[in-house]
Amino acid sequence: MKAMNATKACANLFKIMAFVNDNSQPLTLTNSKGKNAVLVGEDDWNAIQETLYLNSVPGMVESLITCNNIA
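Note that the structure is a prediction, hence the values are computed from the model and not measured. (Residues numbered from 1 in each chain as written. Predicted model: local features only at pLDDT ≥ 70, side-chain atom pairs only at ≥ 80, totals over all residues. Heavy atoms only, no water.)

### Structural notes on the overall build of the protein
(1) Moving on: Scanning the protein from terminus to terminus reveals four helices and three strands.
(2) Moving on: Order of helices (α) and strands (β) in the protein, N terminus to C terminus: β-α-α-β-β-α-α.
(3) Moving on: Viewed in the frame of its principal axes, the protein has a C-alpha envelope of about 50 × 25 × 15 Å.
(4) Moving on: Within the protein, the proportion of its 71 residues that are buried is 8%.
(5) Moving on: If you take every contact in the protein between residues at least 6 apart in sequence, the share linking residues at least 24 apart comes to 34%.
(6) Moving on: Accessible area for the protein stands at about 5,800 Å²; split by element, carbon and sulfur atoms hold 59% of it.
(7) Moving on: Charged side chains in the protein number 5 positive and 6 negative. The centres of these two groups are separated by 23 Å. (Helix = DSSP H or I, 4+ residues; strand = E, 2+ residues; numbered from the N terminus. Buried < 20%, exposed > 50% of the residue type's maximum accessible area, 1.4 Å probe, protein only. Contact = heavy atoms within 4.5 Å. Areas by Shrake-Rupley, 256 points an atom, 1.4 Å probe, with all protein chains shown as cover. Lys, Arg positive; Asp, Glu negative; His and termini not counted. Charge placed at Lys NZ, Arg CZ, Asp CG, Glu CD.)

### Re the environment of Pro26
(1) Moving on: Tracing the backbone through its elements, the reader meets Pro26 in the loop between helix H2 (13–23) and strand E2 (27–30).
(2) Moving on: Sequence spacing of Pro26 and Gly41 is 15 residues, and the spatial spacing of their C-alpha atoms is 7.3 Å.
(3) Moving on: Those residues in contact with Pro26, other than ones at most four positions away along the chain, are Met1, Lys2, Val38, Leu39 and Val40.

### Describing the pairing of E2
(1) Moving on: Here strand E1 (residues 2–5) pairs with E2 via four bridges, running parallel. Directly across from Met4, in E2, lies its bridge partner Leu29.
(2) Moving on: A loop of six residues connects E2 with strand E3 (residues 37–39), the two strands running antiparallel in sequence, and Gly34 in this loop sits at a positive phi of about 80°. (Pairing = 2+ DSSP bridges.)

### Looking at a nonpolar patch on the surface
(1) Moving on: On the surface, a nonpolar cluster with roughly 340 Å² of combined accessible area is contributed by Leu13, Phe14 and Met17.
(2) Moving on: Take Phe14: it is sitting in helix H2. (Patch = residues over 30% accessible without salt bridge, like charges linked within 9 Å, V, L, I, M, F, W, Y side chains within 5 Å. Salt bridge = Lys/Arg side-chain N within 4 Å of Asp/Glu carboxyl O.)

### Here we look at the side chain of Thr28
(1) Moving on: Mapped onto the elements, Thr28 comes out in strand E2.
(2) Moving on: With a relative accessible area of 15%, Thr28 lands in the buried category.

Remember that the coordinates give geometry; whether it matters functionally is a separate question.
So this is what it looks like as structure tokens:
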């Protein structure tokens, strides 16, 4: 995963947003205090949220594995 200083990222925010969205590549935003953040595109964030939800449904993972073994 690429990383960038938060100050530099702020100066190039629109380009960075385009990069993250166009390439589905998250970007770690770093700072001098060691409290970093990760920037991800909205589509990728929604996919992560959906995956987390589906993994939380009891039996869902097993059901998907069974379906894939049949095909």
